[in-house]
Structures are given as C-alpha cells and as structure tokens.
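Spelled out, the chains give:
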Amino acid sequence: MPPLRQQAATAYRLARARYADLGVDAERALRVLAGIPISIHCWQGDDVGGFESSGGTLGDGLAVTGQYPGKARTPAELRADFEQALALIPGRHRFNLHASYAETGRRKVDRDELSVHHFREWIAWAKTLKIGLDFNQTYFAHPNVQRGWTLTHPDRRIRRFWIDHGIRCREIGAGMGRALGTPCLANLWIPDGMKDTPVDRKGPRERLVEALDAIFAKKLDPRHTVDSVEPKLFGIGAESYTPGSHEFYLGYAVSRGVLLTLDAGHYHPTEGIADKISSVLCFLPEIALHVSRGVRWDSDHVVTLTDDLAAIAQEIVWGKFLGRIRIGLDYFDASINRVAAWVIGTRNMVRALLLALLAPIERLRAAERAGDYTTRLALQEEMKTLPFGAVWDEHCRRQDVPVGEAWLAEVQRYERDVLARR
Ligand code: RNT
Ligand code: ZN
C-alpha cells in the first residue's frame with residue numbers, strides 16, 4: 001500500500017472527476033476554503049480560566065465540566081498549546097481572546113483599567129504567527145457581577161464600572177487591529193438575567209440600552225475594530241429572563257450599526273441559527289457567529305459534524321455571505337485533551353464549509369426555482385455520499401497538516417511530552 005498522503009492524491013483525482021460530472025469545481029472549492037479564517041477561541045485551552053491575579057471563579061452563567069489533566073496555567077502555556085493545535089488544522093486562522101487573559105505582571109489591574117499594553121505579548125505572538133486577533137469583553141468571574149447583574153445593575157456605580165470596562169475593551173480591540181493590520185472583532189456578551197419570573201422586564205433593558213450607548217459612543221476606525229453584541233435566551237441561573245435577548249440585540253444592532261453575534265447554543269434547544277443568517281443579513285451588513293454545540297442546553301460541547309453545523313455552513317456559502325460573516329467558535333470541554341478539542345472542533349467547521357462548497361448548488365437552485373422538489377430532494381440525498389473525504393484529505397495535504405486521523409498521534413505525543421508534565 002502506498003503511504004496515506006500518496007493514496008490521498010490518487011483518491012482526490014477520482015473525486016475531482018466525480019464532482020466535475022455534477023458541475024462542481026473541486027479545485028475552486030479548495031481555493032475558496034483556503035481563504036476562510038476561523039476565529040478560534042482561547043478559552044478552550046484553560047477552561048475559561050484567564051490569567052487575572054484575583055482568579056475569580058467562573059459561574060455567572062458559564063460552567064465547564066471535566067478534569068482532564070494538563071490545562072494551560074500561564075499565557076506561555078496557552079500559546080504553546082494553541083501553536084500545537086494550529087499545526088494540525090488546515091488554513092490560516094485567528095485567535096479569539098477574552099479581556100480576562102490580560103497579562104498584567106504582578107500588578108492587579110482591574111477590568112476598568114485594562115489597556116492594549118496588557119495584551120502586548122499576545123499581539124507580538126500573533127505577529128510572529130501571522131494571525132489576526134479577536135477580542136471579548138469579560139463580564140463574568142468578577143466581584144462586580146452582583147446578583148447576576150453587570151450592565152443592567154440597578155446601582156449606577158456598578159454599571160459605570162462595567163461601562164468603563166466595555167470602553168477599555170473596544171480601545172484594546174482597536175489597538176490589536178491597528179498593530180496586526182486586520183480588524184479585530186470586539187464582542188460583548190453579558191450574563192445578566194433572572195432565575196425566576198421578574199416583575200420588571202423593562203427597567204433592565206432600558207438600563208442596558210443606555211449602558212451600551214455609553215460604551216459605543218466613541219466611533220472607532222472600522223479598519224481596526226468592529227463591535228458586536230451577543231444575545232442569549234437563557235443561562236444557568238438566568239432561566240426565566242435575560243434582558244439581552246435576541247429581539248433586544250437585533251433591534252440594537254440594526255439601529256446602532258453594530259454586528260450581531262449568533263451563538264448556536266443561545267436559543268431554544270430545537271432552534272438552530274442557520275435559518276437566522278439570511279434573515280438578519282437582510283438588515284445588517286455584517287454578523288459574527290459563535291459556532292457551538294448545545295446538548296439539551298447551552299452546554300458548549302465540542303463542535304462535531306452535525307446536520308446543524310452543515311446547515312450553518314450551507315447558509316454561509318450558498319448565501320454568498322463569506323465576506324459578511326465572521327466565523328468564530330465557542331465551546332469548552334474539560335473532559336478531553338484540550339488541544340484535541342480545538343483541533344476536532346475547528347477541523348469540523350472547515351470540513352462543513354468544504355461540504356457546502358462542494359454541493360451542486362446551481363443544479364439544486366435550478367430545480368427549486370422550477371418547482372421540481374423531487375430533483376431537489378434526490379440531489380440533496382445523493383450529495384451525502386459523494387467522495388467528499390478525498391477532497392478533505394487533499395485540502396489537509398496541500399495545507400501541510402496531517403491527513404486523516406494522523407493528527408491524533410501528534411496530540412498524544414504532545415500530551416506525553418508536555419501536558420502530562422504540568
Ligand atoms: C456565553 C457566551 C459567551 C461565552 C464566552 C466565554 O453563553 O456564549 O460568548 O461563551 O464569551
Ligand atoms: Zn458565545
């Protein structure tokens with residue numbers, strides 16, 4: 001048997017011909033795919049821990065479960081782990097930081113005092129890797145999250161603290177984008193909500209509008225940073241009410257000209273985000289995604305190649321929205337090797353995009369336009385057994401990352417040599 005890489009090249013030649021018969025250009029699909037960046041979240045590497053000296057506990061609507069050994073304890077470890085993951089993922093991607101990953105040395109710097117200076121090591125590292133950075137404001141794991149309130153807190157002083165945090169974070173995003181020459185997405189999600197039925201649903205929302213307007217008051221250069229707001233239907237401890245609901249932020253994003261972040265785990269368990277994409281893009285120039293996998297609730301399981309994921313990728317590709325959607329990931333599993341979690345989830349996101357790129361979409365569209373739903377259904381089902389795997393392997397081969405499951409041995413070696421010694 002020839003080695004795997006050689007087999008892959010042969011299989012690809014056959015697959016390419018098969019796709020060509022259907023009017024699909026596999027070469028073009030690979031070219032497009034190579035240019036799609038995924039914003040990979042830092043927080044899978046250390047269970048959303050961050051590096052603040054205060055070391056607050058997580059909570060505030062977020063929960064990480066599992067005790068797999070070897071999590072990153074320092075920024076240097078997180079960077080090394082991520083580099084290992086990147087070496088196993090085809091394509092050029094981005095790294096998505098949270099404000100709680102600031103490096104402040106021995107000094108305690110509170111969230112309302114952070115500046116781009118505290119991220120200079122991250123920026124220098126991103127520069128050497130030639131990757132872009134994205135950023136998230138951190139409204140959890142802090143003593144000023146009180147009774148589940150941050151930007152909607154009834155106390156003006158607490159609101160002010162968080163508003164200042166938001167302002168600082170936007171400036172940090174701009175600094176990152178300026179330094180790296182690629183606009184940084186500065187995303188905002190707050191955990192605010194109520195466990196039980198509120199009697200005042202309006203007040204917190206009015207306070208939130210005011211707080212957001214204060215945060216976004218200053219216009220920043222979109223070549224450096226763009227803002228986004230992330231709605232959520234519910235959270236742990238906020239089962240009955242969240243002021244920052246989908247309707248709230250959709251209205252806010254449209255009226256204020258900021259992006260909307262659709263997180264796959266933030267809706268009713270049977271409600272997918274794929275169908276929302278073309279709706280919100282009728283009214284917003286750009287959106288962001290937090291691709292995640294909820295299991296019964298917003299559990300943030302590692303992204304797998306599900307029908308939900310395939311549907312998201314189809315909407316992005318078939319809707320010709322690639323230039324208007326910033327694809328990011330959001331999950332955290334501490335029960336498996338964390339480097340593997342990054343690799344599995346990101347490879348699946350890329351795989352789903354490739355599947356969509358390889359669909360005979362012109363024929364499907366023509367059938368649908370003609371009302372020929374028989375052909376549409378027949379093709380949709382035939383698509384599922386086309387030789388997709390051969391094109392995927394070819395992508396990995398060309399991008400110089402392990403083909404097939406060979407990446408797993410690299411992760412196991414890294415676990416033995418590095419993670420197990422922590
Ligand atoms: C929480 C949101 C948010 C966080 C990260 C850590 O439900 O999805 O995006 O997961 O910011
Ligand atoms: Zn999210």
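Scroll up for the structure.
Residues numbered from 1 in each chain as written. Chains lettered and ligands numbered in written order. Predicted model: local features only at pLDDT ≥ 70, side-chain atom pairs only at ≥ 80, totals over all residues. Heavy atoms only, no water.

1. As for the side chain of serine 100
Relative to the helices and strands, serine 100 is located in the loop between β2 (94–98) and α4 (120–129). Given the relative accessible area of 3%, serine 100 is considered buried. Residues within four places of serine 100 in sequence aside, it is in contact with Gly50, Phe51, Glu52, Arg111 and Thr138. (Helix = DSSP H or I, 4+ residues; strand = E, 2+ residues; numbered from the N terminus. Buried < 20%, exposed > 50% of the residue type's maximum accessible area, 1.4 Å probe, protein only. Contact = heavy atoms within 4.5 Å.)

2. Observations regarding the environment of histidine 246
With respect to the helices and strands, histidine 246 occurs in helix α7 (residues 246–256). Between the C-alpha atom of histidine 246 and that of lysine 71, which follows or precedes it by 175 residues, the distance is 33 Å. Look past the residues within four positions of histidine 246 in its chain and what remains in contact with it is Pro231, Leu260, Leu262, Tyr267 and Lys276.

3. Some details on helix α9 (residues 307–318)
In a regular helix each residue adds 1.5 Å, so 12 residues correspond to 16 Å; α9 covers 15 Å between its end C-alpha atoms and thus fits that length. All of the buried residues in α9 are Leu309, Ala310, Ile312, Ala313, Ile316, Val317 and Trp318. Contact partners of the buried residues in α9: α8 (274–280), β7 (287–291), β10 (325–329), α10 (338–357) and α11 (361–369). One or two steps after α9, the chain reaches lysine 320, where phi turns positive at roughly 55°. (Expected span 1.5 Å × (residues − 1).)

4. A short note on unusual backbone geometry
One non-glycine residue with positive phi stands out, namely aspartate 47, at about 60°. Residue placement: aspartate 47 occurs in the loop between β1 (39–41) and α3 (75–86). Unusually for a residue other than glycine, arginine 147 sits at a positive phi of about 50°. Positionally, arginine 147 belongs in the loop between β3 (133–136) and α5 (156–180).

5. With respect to the coordination of the zinc ion (ligand 2)
Those donors, Glu230 (OE), Asp263 (OD), His290 (ND1) and Asp330 (OD), are the protein atoms that reach the zinc ion (ligand 2), and they lie 2.1 Å from it. The coordination sphere of the zinc ion (ligand 2) comprises 6 donor atoms, whose angles at the metal cover 71 to 170°; the geometry is octahedral. As a motif over one chain, the donors of the zinc ion (ligand 2) read E-x32-D-x26-H-x39-D. A residue pair is termed long-range when its members are at least 10 positions apart, and aspartate 263 in strand β6 (residues 259–263) and aspartate 330 in the loop between β10 and α10 qualify at 67 residues. The residues aspartate 263 and aspartate 330 share a single accessibility class, namely buried. (Donors = N, O, S within 2.8 Å, 3.2 Å for Na, K, Ca; no water. Tetrahedral: all angles 85-135°; square planar, octahedral: opposite > 155°, others 65-115°.)

6. Examining the pairing of β3
Here β3 shows two buried faces, one formed by Leu133 and Phe135 and the other by Asp134 and Asn136. As defined by bridge partners, β2 adjoins β3 across 4 bridges and the pair is classed as parallel. Note on β3: the bridge partner recorded for leucine 97 is phenylalanine 135. As for the winding sense of the linkage, the β-α-β connection from β2 through α4 to β3 is right-handed. Here β3 pairs with strand β4 (residues 184–188) via 2 bridges, running parallel. Across the sheet, the residue bridging to asparagine 136 is asparagine 187, located in β4. Regarding the hand of the β-α-β motif, the stretch spanning β3, α5 and β4 is right-handed. (Pairing = 2+ DSSP bridges. Right-handed = clockwise from strand over helix to strand, strands pointing away.)

7. Some remarks on the packing of aromatic side chains
Counted under the stated rule, the structure contains 13 aromatic pairs. Geometrically, the ring pair formed by phenylalanine 140 and tryptophan 189 is tilted, given 6.1 Å between the ring centres and 50° between the ring planes. Residue phenylalanine 140 is found in the loop between β3 and α5, and its partner tryptophan 189 is found in the loop between β4 and α6 (202–215); the two are separated by 49 residues along the sequence. The class for phenylalanine 140 is buried, based on a relative accessible area of 3%. Here the aromatic rings of phenylalanine 216 and tyrosine 252 are separated by 6.1 Å at their centres, their planes lie at 40°, and the arrangement is tilted. (Phe/Tyr/Trp six-rings, centres within 6.5 Å; stacked < 30°, edge-to-face > 60°.)

8. Considerations on the site of ligand 1
Contacts to ligand 1 come from Trp43, Leu62, His98, Trp189, Glu230, Lys232, Asp263, His266, His290, Asp298, Asp330 and Phe332. For ligand 1, an oxygen atom lies 2.9 Å from a polar atom in the side chain of glutamate 230. At a separation of 3.2 Å, an oxygen atom of ligand 1 approaches a polar side-chain atom of histidine 290. For ligand 1, whose unbound accessible area comes to 310 Å², protein coverage reaches 99%. Residues that form the shell around ligand 1 fall into these classes: 4 nonpolar, 3 polar and 5 charged. (Near = heavy atom within 4 Å. Polar contact = N/O pair within 3.5 Å; in protein donor to acceptor, adjacent residues only side chain to side chain. Areas by Shrake-Rupley, 256 points an atom, 1.4 Å probe, with all protein chains shown as cover. Nonpolar A, V, L, I, M, F, W, Y, C, P; charged D, E, K, R; others polar.)

9. Looking at the pattern of salt bridges
Counted according to the given criterion, the structure contains 26 salt bridges. For glutamate 103, the salt bridge goes to arginine 79, with nearest N and O atoms at 3.0 Å. Of this pair, glutamate 103 sits in the loop between β2 and α4 while arginine 79 sits in helix α3, and the two are 24 residues apart along the sequence. Two residues, aspartate 417 and arginine 413, come together in a salt bridge whose shortest N-O distance is 3.8 Å. One end of the pair, aspartate 417, and the other, arginine 413, are both in helix α14 (residues 406–417), 4 residues apart, so they sit about a helical turn from each other. (Salt bridge = Lys/Arg side-chain N within 4 Å of Asp/Glu carboxyl O.)

10. Some words on the environment of glutamate 77
Its location among the elements puts glutamate 77 in helix α3. We classify glutamate 77 as buried; its relative accessible area is 15%. Glutamate 77 sits 78 residues away from aspartate 155 along the chain, and the two C-alpha atoms are 39 Å apart. In contact with glutamate 77, other than residues within four places in its own chain, are Lys71, Ala72 and Arg422. Polar side-chain contacts of glutamate 77 include one of 2.5 Å to the side chain of arginine 73.

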